[in-house]
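# Architecture at a glance
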Amino acid sequence: MGGTEPTRRTEEVLRDMRRTSILHVDMDAFFVSVELRSRPELRGKPVIVGFPAERSVVLSASYEARATGVKSAMPMAIAMRMCPAAIVINPRHKLYYEVSEQIMEIFSSITDLVEPLSVDEAFLDVGGAIRRLGSPLEIGQLVRRRVQSELGITASVGIAGTKFVAKIASTRCKPDGILQINAEDTVPYLHSLPVNALWGVGGKTAEALARLGIRTVADVASTPVATLRRILGAGGEHVHRLSMGVDPRPVTPTRLEKSIGAEETFAMDTADDALLNRELLRLSHRTAARLRSSGLLSRTIALKLRYSDFSTVSRSRTLQTPVDSAQLIYQVAVQLMESLGARPMSVRLVGVRLEQLEPAARTSMQLSLDRRDENWRAAEQALDRVAERFGSKTLLPARLLEPGKSQESP
């Protein structure tokens, strides 16, 4: 009997630890941190990763630059006025993806339950690794040490019983920190925060809540759900649950898609430019809709042509900033086809592929001085909503309403 009681206590300790076993690991100023590995003389200085063109935006900023008010997604022109001493580095996306894969390998060596959110952050459920590696706090410290020693960058780690609270914790301990919110401390901790700490509460929602005197998470928790529904619609109940620390979503292992594409094989080989352009537009809408439904953006657009003799050529272009608009994808695809020059023979197949995909929630799109770009995006998002409700063929661009002469490849 002597060994039974210690074993029981051990199991109780493990169960208690597993109540707070979700980690949110987020790299600090990821793009900048990767660049500073090869340029250590810039450490401690204001650094911005982005293209120095007027219409470009800040992709990443060092904490020294952030101290002057510079933020990701800010127009470069404004960022340079706020921080004229900033050193601007052109982004190297291929390098960032290589480092991202190394980050995910470290995570996967800790636990099988890894849910990537973007190239530089993920949720980890380490409940099954506690016997092997120690408490969630010790595992979080291990992750930070390995990222630092193996990759030369720093990470912040939030630890909690839910994904939502773990994400808040990592945000609150940046940069290069670790914060654990124990299960029993979750509600008191949340209630000490401003209302915009809740997912789904942005600037406009916070203003609407403030007009009713709701300024903190504690205020949300004490507000009747019916009142929140009147203010926030269907999301009111969700926000109320979050204010009480309720977030039952498990860590779900996923992999970011590498590419999204579509092809059309013509019933008869064609040399008709109008038909080719119409099919490129159709494919651009098909791939862009899939991109948006997956919450992704694409940085590289590729064109594929197969001629009547079955020979195949392809061309691609990598953009400074990623897109999810069919019209912008179509414009690039047409330019790629024009770059091929005179075609030697008729075309049997045409395809569009979107590569270097990035989560839209964590990626800054280029601002455009041409409002037509934003108008196209708004129109396409409206098409998404209609298609979701009534079916994908309910609304189409006018140019696609012409009788087609092709059939879709299997």
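Before reading on, note that the structure itself is shown above.
In this text, all values refer to a predicted model and were calculated from it rather than measured experimentally.

Here we come to the overall build of the chain. A tally of regular secondary structure across the chain gives 16 helices and 13 strands. Every one of the 410 residues in the chain was classed for burial, and the buried ones make up 45%. Surface accessibility of the chain: about 20,500 Å² in total, with carbon and sulfur atoms responsible for 53%.

Here we take up the sheet that holds strand E2 (residues 47–49). The strand order E3-E2-E4 describes an open sheet built from three strands, whose pairing is mixed. In the strand order of this sheet, the two ends are held by strand E3 (60–61) and strand E4 (87–89), each with one partner. Running over the sheet, helix H2 (residues 30–38) touches E2, E3 and E4 and is turned about 110 degrees from E2.

Regular strands show a simple pattern: their side chains alternate between the two faces of the sheet. In this structure, strand E9 (residues 259–270) lies alongside strand E12 (residues 347–359), joined through eight bridges in antiparallel fashion. Residue pairing across strands places Thr 265 opposite Leu 349, the latter belonging to E12.

Turning our eyes to something else, we now look at the side chain of Thr 186. Along the chain, Thr 186 turns up in helix H9 (residues 186–190). A residue is classified by how much of its surface remains accessible, and Thr 186, at 10% relative accessible area, is buried. A polar atom in the side chain of Thr 186 sits 3.2 Å from the backbone oxygen of Ala 183. Excluding residues that lie within four positions of it along the chain, Thr 186 makes contacts with Val 165, Ile 181 and Gly 245.

Before going further, it helps to examine the nonpolar core. In terms of nonpolar packing, the biggest core is built from 36 residues, with Val 25, Met 27, Phe 30, Phe 107 and Ile 153 touching the most fellow members. At the level of secondary structure, the elements contributing two or more residues to this core comprise strand E1 (22–27), H2, E2, helix H5 (93–110), strand E6 (121–125), helix H7 (136–151) and strand E7 (155–160). With seven residues, H5 is the largest single contributor of residues to this core. Not counting chain neighbours up to four residues away, the residues in contact with Met 27 comprise Ile 103, Phe 107, Asp 120, Val 147, Ile 153, Thr 154, Ala 155 and Lys 174. One finds Ala 262, Leu 296, Leu 303 and Ala 333 within the second-largest nonpolar core, a separate group that totals 32 residues.

Let us now look at the sheet that holds strand E8 (residues 178–180). Strand pairs in the sheet, formed through backbone hydrogen bonds, run parallel or antiparallel to each other. Here five strands make up an open sheet; going across it, the order is E5-E6-E1-E7-E8 and the pairing mixed. Across the chains shown, the open sheet's two edge strands, defined by having one partner strand only, are strand E5 (114–118) and E8. With direction set aside, neighbouring strand axes in the sheet form an average angle of 15 degrees. The sheet contact formed by E5 and E6 spans four bridges and is antiparallel.

This next bit is on the environment of Gly 235. Mapped onto the secondary structure, Gly 235 falls in helix H13 (residues 235–243). Taking the C-alpha atoms as reference points, Gly 235 and Val 201, 34 residues apart in sequence, are found 9.7 Å from one another.

Here the focus is the pairing of E7. Taking burial as the measure, the six residues of E7 include six buried ones, the bulk of the element. Here E7 shows two buried faces, one formed by Ala 155, Val 157 and Ile 159 and the other by Ser 156, Gly 158 and Ala 160. Relative to E7, E1 runs antiparallel, the two being bridged by six bridges. Bridge pairing links Val 25 to Val 157 in E7. Note on the crossover from E7 through helix H8 (residues 163–172) to E8: the handedness is left-handed.

Next up on the list: the side chain of Thr 223. The topology assignment puts Thr 223 in the loop between helix H11 (217–221) and helix H12 (225–232). By relative accessible area, Thr 223 is classed as buried at 11%. Non-local contacts of Thr 223, meaning those with residues more than four positions away in its chain, are made with Ile 214, Leu 228 and His 240.

Reading the values: rules and limits
Residues numbered from 1 in each chain as written. Predicted model: local features only at pLDDT ≥ 70, side-chain atom pairs only at ≥ 80, totals over all residues. Heavy atoms only, no water. Helix = DSSP H or I, 4+ residues; strand = E, 2+ residues; numbered from the N terminus. Buried < 20%, exposed > 50% of the residue type's maximum accessible area, 1.4 Å probe, protein only. Areas by Shrake-Rupley, 256 points an atom, 1.4 Å probe, with all protein chains shown as cover. Pairing = 2+ DSSP bridges. Contact = heavy atoms within 4.5 Å. Axes fitted to C-alpha atoms, helices over the stretch in contact; angles between N-to-C directions. Polar contact = N/O pair within 3.5 Å; in protein donor to acceptor, adjacent residues only side chain to side chain. Core = buried A, V, L, I, M, F, W, Y, C linked by side-chain atoms within 4.5 Å. Right-handed = clockwise from strand over helix to strand, strands pointing away.

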